[in-house]
4 protein chains.
Amino acid sequence: MTGTTHSPQELAERTLEFVREHVYPVEREIIVDGRPMDDALRLELQKKAKAAGVFGPLSPVEHGGLGLDTRAQAFVLEAAGTSLIGPLALNCWAPDDGNIHLLAHAATPEQKRRYLAPLASGEVRSSIAMTEPAPGAGSDPSMLRTVAEETDSGWVINGEKHFTTGADGAAFTIVVAATADGPTMFLVDQDNPGLRVGRRMPTLDHSVPGGHCAVTFADCHVGDDAVLGAVGKGMEYASVRLAPSRLTFCMNWLGLAVRAQELAARHINGRQAFGARIADHGMAQAHIADNEIDITAARALIHGTAAIIDAEGAASSAARHSASVTKTFVSEAVWRVLDRAVQLHGGLGVCEDHLVARFLVEARAFRIYEGPSEVLRWSIARRVLRAHQ
Amino acid sequence: MTGTTHSPQELAERTLEFVREHVYPVEREIIVDGRPMDDALRLELQKKAKAAGVFGPLSPVEHGGLGLDTRAQAFVLEAAGTSLIGPLALNCWAPDDGNIHLLAHAATPEQKRRYLAPLASGEVRSSIAMTEPAPGAGSDPSMLRTVAEETDSGWVINGEKHFTTGADGAAFTIVVAATADGPTMFLVDQDNPGLRVGRRMPTLDHSVPGGHCAVTFADCHVGDDAVLGAVGKGMEYASVRLAPSRLTFCMNWLGLAVRAQELAARHINGRQAFGARIADHGMAQAHIADNEIDITAARALIHGTAAIIDAEGAASSAARHSASVTKTFVSEAVWRVLDRAVQLHGGLGVCEDHLVARFLVEARAFRIYEGPSEVLRWSIARRVLRAHQ
Amino acid sequence: MTGTTHSPQELAERTLEFVREHVYPVEREIIVDGRPMDDALRLELQKKAKAAGVFGPLSPVEHGGLGLDTRAQAFVLEAAGTSLIGPLALNCWAPDDGNIHLLAHAATPEQKRRYLAPLASGEVRSSIAMTEPAPGAGSDPSMLRTVAEETDSGWVINGEKHFTTGADGAAFTIVVAATADGPTMFLVDQDNPGLRVGRRMPTLDHSVPGGHCAVTFADCHVGDDAVLGAVGKGMEYASVRLAPSRLTFCMNWLGLAVRAQELAARHINGRQAFGARIADHGMAQAHIADNEIDITAARALIHGTAAIIDAEGAASSAARHSASVTKTFVSEAVWRVLDRAVQLHGGLGVCEDHLVARFLVEARAFRIYEGPSEVLRWSIARRVLRAHQ
Amino acid sequence: MTGTTHSPQELAERTLEFVREHVYPVEREIIVDGRPMDDALRLELQKKAKAAGVFGPLSPVEHGGLGLDTRAQAFVLEAAGTSLIGPLALNCWAPDDGNIHLLAHAATPEQKRRYLAPLASGEVRSSIAMTEPAPGAGSDPSMLRTVAEETDSGWVINGEKHFTTGADGAAFTIVVAATADGPTMFLVDQDNPGLRVGRRMPTLDHSVPGGHCAVTFADCHVGDDAVLGAVGKGMEYASVRLAPSRLTFCMNWLGLAVRAQELAARHINGRQAFGARIADHGMAQAHIADNEIDITAARALIHGTAAIIDAEGAASSAARHSASVTKTFVSEAVWRVLDRAVQLHGGLGVCEDHLVARFLVEARAFRIYEGPSEVLRWSIARRVLRAHQ
């Protein structure tokens, strides 16, 4: 099942030990003391993760990864996700997680050598440029306005993107652009003079190194070898990327919910009010129980979707449907868990001295990125309704 | 994994075919036309289930059952549960489901011969007498007031029970009573003159043959061989019974949610309002999607708990915790699904011409029987809080 | 403000005394002992309500009513609604409530004499025939298929209605039918040979005398004097009827929520479990608090809408918008309150020995009748969105 | 009803015009461009509010305020609250709102001259020091550990406070401390050498000038004239302060919900996705309708509680109960509205280019400050349960 001799549970246990020892202290420095999250820090943490044998749960063995199947990833990524920066340390955070998966699936051998290898090993970061400002493509990919025109020597890309995750400091960007043969993905080196990384958008989440940036493609010349996989397959590749990307998102965020529950349980075990431990008050217990239920259901959905991906492939209709259901539930369940954890902390819960305050703010985007709940519900409903026609 | 040569999925498919062909029509007669649900009908349906090879998913092979492990049961019972009376046809409905499990676990060989064999084969029905009117044992088993006193020739039981599920027409009742050595379970034949089945309580759910009855034990003499298993183990046995009983409950009711979703989807696919099919209105789609999410999460939790029961045993702490989480979520999720299905039917949804109206009313008790959500949340929270002390 | 010398609060207090003394005992006989709710009983209760000076809160003074404005009605109807049959006793229950309002608004003097007078005084009951089986008018009135054709001597009505509230035993029916000049309302005597009351539909709610019936109009001849108000004004009149009808519905059902809260609070004040009164357990307290919040918010919305109706008229855009908001919230809040009251009763809560079980089942239709929540949300949203264009 | 010749609605309209013209532009500079919110800015805005005739809705006429009753305040404060900094401009924001009320109620004439007059006129800001770090008084005031000891010349206060709202830059602090005669409030000048304002706590909300600070009282000497009102009346005064303080909180935050709904409605009216305006998608409409329902219910509760305060006094049991119910509902409803407004903005909703992102983060504390929802639910339930004993 895995490329190692360890069971997924053992790897998860090892991961948990690693993040507790090496990542939690750094996380606290970042959130409480304002230490900046930069690439130097990322590389330092990744080095330690390699030493601990937990680096690269999404990366193929040949690129220094653990070569795990999706079910095994679920165990490890949840453990990594108990810290906001754990997934960075293991190299399983957006957008690199999805880009690794996509490149492993679609890249040419040469592209794998040039882009996948350094990305999977953590040497470089990458970026993904899909979303466009209105009236371009937001949730609806059919509204794509960035264009790539074929030339004698390759392609010229023009267009505006925003929410380009990880763009600041990335080594390359995967951009989707319309061509005469349909939407196509291109690999553009970040130092291409036609690619300009604009401002970091002031999003509520801060945990992505490289941020979410505005990016302009202005007469951006690339060669034919910049076409990721094949021309006109941009939507297919986006689809291939989507289910795993949504699922790793869920795994990571579930970890954060688990951590928040632990922090909240400890907090109320140690506090008194109105003549009893807060942990003995029924309304506090209800929050703890609801958290446990949400966490357990989220985990069950994640493992179920992982099994489907492993059995039927990430691009199968069953996998995509299951990932949509799971992403909708998990993103909302994690939000509820974090919100209750804040509430259980009382006034301290809205104070960034306590991690849960920052966790909540970071997590808000999860219900929107990679498909807002409303768009996912729409697609879920249509599949169900078609099946009963 | 199973006592048959079929995979659980195949058995579930076969079960679904069976209930669609033989059970759905009878269900409609019962709900819409008022045909009474009696033992003659039950036996007729069970005969057909045996012919279809789907009878006895909870019963051991040696007693004519399918000998399934819990994971396999999950597939089959969901399929059976798509009809309110499907579980009766397969002999996997309360309270016989839990009683079969309990007898298989705790009964002496002679008790198995005398009680388990005819119960597992569907020849007779049984009853369970735990709950007592105030100030006796409701949700809190420590308040038990029914008493069994040892005599020279056996025991004399005295006390009042109510919500004695299946009592009217049962062949025997498992009753829990306090003894000098602690709570003890007794097997009492229904024709024992000391056992009097009182009125059927007018509960909202009607689908249990034998109803929920008031039962009086008045100087009810039984022999030593009436002690189920061993004296003083009543709480332990109740615990053994509880997790599987909660879980089969969940499996059956999940089936009903699946059916309601199907009925609702078909209904709105075929209706127009405000210039479009109802199925094309976003708020109707939201209900369908929420149902799909609730159903999928419920199923994932059930299968997860089933795997724990198979791996660690039904009485293990992990199994009991997981069953509590699952029962709480599933009972509430099924209620939401049925409620949305009613709403999607509009006015027809509150009219018993349409099955969803009856489904909703039947299901209300599920959030209370076998542990109200509040008591389960309390026990869930305490386990979590202890783990973080 | 009122046609009496009493303040609305005093009238409400008097109403509460009346229903407690004369109506609650009868209600218990009906729900627990199965006494049928028939017109003899209704008239007996109404006679007592007249004696108590609380009869007719919706009726004009000239027809023996209390002549209250809408704000005063809110106090009195909530008190009446604390029993399922209290509103019948006071003559303020559907569909007569809305029909009284409609006739007072739209009827000719002769129609008022013939139809409004005996209705307002409780001498007779009435019926309203709007909804049609598919593909006719359900929630969407534009799908109206019942037709009235003008003849030399009047009109001939043909069509099928269902959910015709109160039809069995009513003295007359207000039916809406399409004419060449648009939807028109007609007053049809129940003994008209062209009107046939079919079966009572088996709806979950039983508290409307006369039930919800299938009604057929087959060459139903009526004179010109059967046109309610004016030809072609059916939609306008429906609109006039709608806001007050929705609001009186809310007032009555709020009363039931108040009663359920009282029953639940008393129940848990008097019961022990797990070493304490249930009333001392935090999760039970949370239910009580949530009920109190829902009840208080519902009441505030009702009084707010009543003030708008009194100030701007029942057919004003502000009144209709506010009534839509209020009906959506109150119908859902009442449902939540009743559901929690059931849960607080434990197993007894799903047993019709206790009123809350029946209350819950009766109330389910409230979220659908007079406009399903989804249709109301749609109309609310469109008004808001238009205001921000 | 008011100290002006304007109706509350007219004043609210005028207030809305004022904040739209003078406050919204500044708010955008603060949130989007990072302009600091300082006292210079506050005074500039307050000067403009005075010129517009809308300054001081909570202040007595004799101190330059509008002299409004609570019902009139509800209209004006909602309008002011449509901007995060509108209430500052009008001088009706925490903690000065509650302090003005408290001083008007309890201060001696000399204290009014010295503290209330400059506070009511906006000349200075104030602070309130109640909450203490564990194991001191958090939600439970009985755990008070700050102590004031009587000396020959006055009092010496010692203790630690945190969440001392507005402390940084305030002119004075109202501190509650235990004395031999019970909890007592003291007025301490901020330049008292025994009062040390520590760090601003890194709370999620930034809109309070002066922040929430750690404050130490170390041998803080004050005279007898520093006792606010009378010795031993600290709890009574806290109670007097509480209901109005909770209610003005609700009024202000309701305004923010109204603004977010407006921003969301405009946003989706102007955006396309999946072949239609987002405003035409049913799931977006559901959010808009739910927002409208929440806003309308919140407003109805606020006005209802305001009427009770005006009729029975802010310290009456009815007012305190109603304020608890209202604060619980409104804080949760506002949160839901802001959350849906974020969701309706899609990715832009979590980007501080758009105000709703910041609104959401600011609002999180509202469900905790001035009484966490759980503590309020507990007190609500106990009152209800006592009433039904």
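From a predicted model like this one, the values you see are computed outputs, not experimental measurements.

1. Comments concerning the overall build of chain A
Thought 1: Counting its regular elements, chain A contains eleven helices and nine strands.
Thought 2: Rg of the C-alpha trace for chain A: 21 Å, near the compact-globule value of 21 Å for 389 residues, within the 12% margin.
Thought 3: Here chain A, with 389 residues, has 61% of them falling under the buried criterion.
Thought 4: For chain A, long-range pairs separated by at least 24 residues make up 74% of all intrachain contacts whose partners lie at least 6 apart in sequence.

2. Regarding the interface of chain A and chain C
Thought 1: Residue-level contacts link five residues of chain A with five residues of chain C.
Thought 2: Its residues assigned to classes, the side of chain A that touches chain C comprises two nonpolar, three polar and no charged.

3. Quick look at helix 6 (residues 109-120) of chain B
All names here are of chain B.
Thought 1: With twelve residues, helix 6 ought to run about 16 Å at 1.5 Å a step, yet its terminal C-alpha atoms sit only 14 Å apart, falling short of that.
Thought 2: For helix 6, the full list of buried residues reads Tyr115, Leu116, Leu119 and Ala120. Down the axis, helix 6 shows its buried residues gathered within 115 degrees of arc, on one side only. Across helix 6 from its buried face, at more than 90 degrees, point the exposed residues Glu110 and Arg113.

4. Structural notes on the interface of chain A and chain D
Thought 1: Listed as interface residues are 37 residues of chain A and, on the opposing side, 38 residues of chain D.
Thought 2: Elements supplying a minimum of two residues to the side of chain A that touches chain D: strand 8 (272-273), helix 8 (282-312), helix 9 (317-344), helix 10 (355-363) and helix 11 (373-387) of chain A.
Thought 3: With three residues, the single largest contributor to the side of chain A that touches chain D is helix 11 of chain A.

5. Considering the pairing of strand 2 (residues 147-151) of chain D
All names here are of chain D.
Thought 1: Of the strand pairs in this sheet, strand 2 and strand 3 (residues 154-165) are connected by five bridges, and their pairing is antiparallel. Its bridge partner lying in strand 3, threonine 151 is registered against glycine 154.
Thought 2: Between strand 2 and strand 3, which follow one another and run antiparallel, lie two residues.

6. Things to note about the relation of the copies chain A and chain D
Thought 1: Superposing chain A onto chain D requires a rotation of 180 degrees together with a translation of 0.0 Å along the rotation axis, leaving an RMSD of 0.0 Å. In the structure described here, the two chain copies are related by an operation that fits a two-fold rotation axis. No C-alpha of chain A lies nearer the rotation axis than that of valine 361 of chain A, which sits 3.5 Å from it.

7. Brief notes about the relation of the copies chain A and chain C
Thought 1: For these two chains of identical sequence, chain A goes onto chain C by a turn of 180 degrees and a shift of 0.0 Å along the axis, with RMSD 0.0 Å.
Thought 2: A shared interface surface links the copies, since 100% of the contact residues of chain A are contact residues in chain C too.

8. Topic: the confidence of the model for chain A
Detailed reading of predicted coordinates is not advised where the pLDDT is low.
Thought 1: For chain A, per-residue confidence averages 95 on the pLDDT scale, and residues scoring 70 or more make up 99% of the total.
Thought 2: In the predicted complex, the global pTM is 0.97; the interface-specific ipTM is 0.96.

9. Description of the UniProt feature "domain: Acyl-CoA oxidase/dehydrogenase middle" (unreviewed entry) in chain A
Thought 1: The positions UniProt marks with the feature "domain: Acyl-CoA oxidase/dehydrogenase middle" (unreviewed entry) are residues 128-204 of chain A.
Thought 2: Across residues 128-204 of chain A one finds 0% helix and 48% strand; the C-alpha atoms that close the span lie 19 Å apart.

10. Things to note about the domain arrangement of chain A
Residue and element names in this part refer to chain A.
Thought 1: Per the domain assignment, the segments making up chain A are domain 1 (8-93), domain 2 (126-226) and domain 3 (234-387).
Thought 2: If you look at the interface, domain 1 gives 19 residues, while domain 3 gives 22 residues.
Thought 3: Breaking the side of domain 1 that touches domain 3 down by element, the ones donating at least two residues are helix 1 (8-33), helix 3 (70-80) and helix 4 (86-90).
Thought 4: At eight residues, the largest contribution of residues to the side of domain 1 that touches domain 3 is made by helix 3.
Thought 5: Class assignment for the residues of the side of domain 1 that touches domain 3 results in eleven nonpolar, five polar and three charged.

11. Things to note about unusual backbone geometry
Thought 1: Here alanine 94 of chain C and proline 95 of chain C are connected by a cis peptide whose omega angle stands at 0 degrees.
Thought 2: Mapped onto the fold, proline 95 of chain C is located in the loop between helix 4 (86-90) and helix 5 (96-106).
Thought 3: Located in the positive-phi region is phenylalanine 274 of chain A, a residue other than glycine, with phi close to 55 degrees.
Thought 4: Its location among the elements puts phenylalanine 274 of chain A in the loop between strand 8 and strand 9 (276-277).
Thought 5: Residue phenylalanine 274 of chain A is classed as partly exposed on the basis of its C-beta count, with 13 C-beta atoms lying within 10 Å.
Thought 6: The backbone phi angle of aspartate 219 of chain D is positive, close to 45 degrees, even though this residue is not glycine.
Thought 7: As for its placement among the helices and strands, aspartate 219 of chain D is situated in strand 7 (residues 212-222).
Thought 8: The class of aspartate 219 of chain D is exposed, set by 10 C-beta atoms lying within 10 Å.

12. Considering the packing of helix 3 (residues 70-80) of chain B against helix 7 (residues 234-269) of chain B
Residues and elements named next belong to chain B.
Thought 1: It is the contact of helix 3 with helix 7, at a shortest axis distance of 7 Å, that shows an interaxial angle of 40 degrees. Taken together, the axes of helix 3 and helix 7 lie oblique to each other. Helix-helix and strand crossings are classified by hand; for helix 3 and helix 7 the assignment is right-handed. Facing helix 3, whose interface residues are Thr70, Gln73, Ala74, Leu77, Glu78, Ala79 and Ala80, helix 7 presents Leu247, Thr248, Met251, Asn252, Leu254, Gly255 and Val258.

13. Here's the deal with helix 10 (residues 355-363) of chain D
An α-helix turns once per 3.6 residues; consequently, residues spaced three or four apart project the same way.
Thought 1: In terms of residue burial, helix 10 of chain D counts as a mostly covered element, since nine of its nine residues are buried.
Thought 2: Taken as a whole, helix 10 of chain D has its buried residues at Leu355, Val356, Ala357, Arg358, Phe359, Leu360, Val361, Glu362 and Ala363 of chain D.

14. So, the environment of alanine 107 of chain D
Residues and elements named next belong to chain D.
Thought 1: Relative to the helices and strands, alanine 107 resides in the loop between helix 5 (96-106) and helix 6 (109-120).
Thought 2: On the neighbour-count criterion, alanine 107 (21 C-beta atoms within 10 Å) is buried.
Thought 3: For alanine 107 and leucine 187, which are 80 residues apart along the polypeptide, the C-alpha to C-alpha distance reads 9.7 Å.
Thought 4: For alanine 107, the contacting residues outside a window of four places in its chain are Lys112, Tyr115, Leu116, Leu228 and Gly229.

15. Re the environment of arginine 199 of chain A
Residues and elements named next belong to chain A.
Thought 1: Structurally, arginine 199 is set in strand 6 (residues 195-200).
Thought 2: Among the residues examined, arginine 199 registers 11 C-beta atoms within 10 Å and is labelled exposed.
Thought 3: A sequence separation of 153 residues divides arginine 199 from glutamine 46, and the C-alpha atoms of the two residues are 27 Å apart.

16. Some details on the environment of cysteine 250 of chain B
Residue and element names in this part refer to chain B.
Thought 1: By the element assignment, cysteine 250 lies in helix 7.
Thought 2: Exposure remark for cysteine 250: the 31 C-beta atoms within 10 Å place this residue in the buried category.
Thought 3: Taking the C-alpha atoms as reference points, cysteine 250 and leucine 195, 55 residues apart in sequence, are found 31 Å from one another.
Thought 4: Those residues within four positions of cysteine 250 in sequence are excluded, and the remaining contacts are Ile302, Thr326, Lys327 and Val330.

So, how was this worked out
- Residue indices begin from 1 for each chain and proceed along its sequence in written order.
- Naming scheme: in the order in which they are written, chains are lettered from A and ligands are numbered from 1.
- Totals for whole chains, interfaces and linings use every residue, but because this is a predicted model, local features are given only for residues with pLDDT of at least 70 and side-chain atom pairs only at 80 or more, for both listing and counting.
- Helix and strand assignments come from DSSP, with helices taken as H or I runs of at least 4 residues and strands as E runs of at least 2, each series counted from the N terminus.
- With the radius of gyration taken over C-alpha atoms, the globule rule is written as 2.2 Å times the number of residues to the power 0.38.
- Residues with at least 20 neighbouring C-beta atoms inside 10 Å of their own are called buried, those with 12 or fewer are called exposed, and the rest are partly exposed, where every C-beta is derived from the backbone.
- For the purpose of contact definition, each residue receives a C-beta atom placed from its backbone, and two residues are in contact when these atoms lie within 7 Å.
- Charged residues are taken to be Asp, Glu, Lys and Arg, nonpolar residues to be Ala, Val, Leu, Ile, Met, Phe, Trp, Tyr, Cys and Pro, and polar residues to be all remaining types, Gly included.
- The span you would expect from a helix comes to 1.5 Å times its residue count less one.
- Arc definition: it is the arc formed by the directions from the helix axis to the C-beta atoms.
- DSSP bridges decide pairing: two strands pair if at least two such bridges lie between them.
- Our superposition of the copies is a least-squares fit, built on the C-alpha atoms of residues whose pLDDT is at least 70 in both.
- The quantity called pLDDT is the predictor's confidence in a given residue, expressed from 0 to 100.
- UniProt positions are given in the numbering used here, feature names are shortened, and annotations may be inferred rather than shown by experiment.
- All domain edges in this entry derive from an automatic or database-based domain assignment.
- The axes used here are C-alpha line fits, helices contributing only the stretch in contact, and every angle between their N-to-C directions lies in the interval 0 to 180 degrees.
- For classification purposes, an angle smaller than 35 degrees is called roughly parallel, one larger than 145 roughly antiparallel, one from 65 to 115 roughly perpendicular, and anything else oblique.
- Left-handed describes a crossing whose near helix is turned anticlockwise from the far helix through less than a right angle; right-handed describes the clockwise counterpart.

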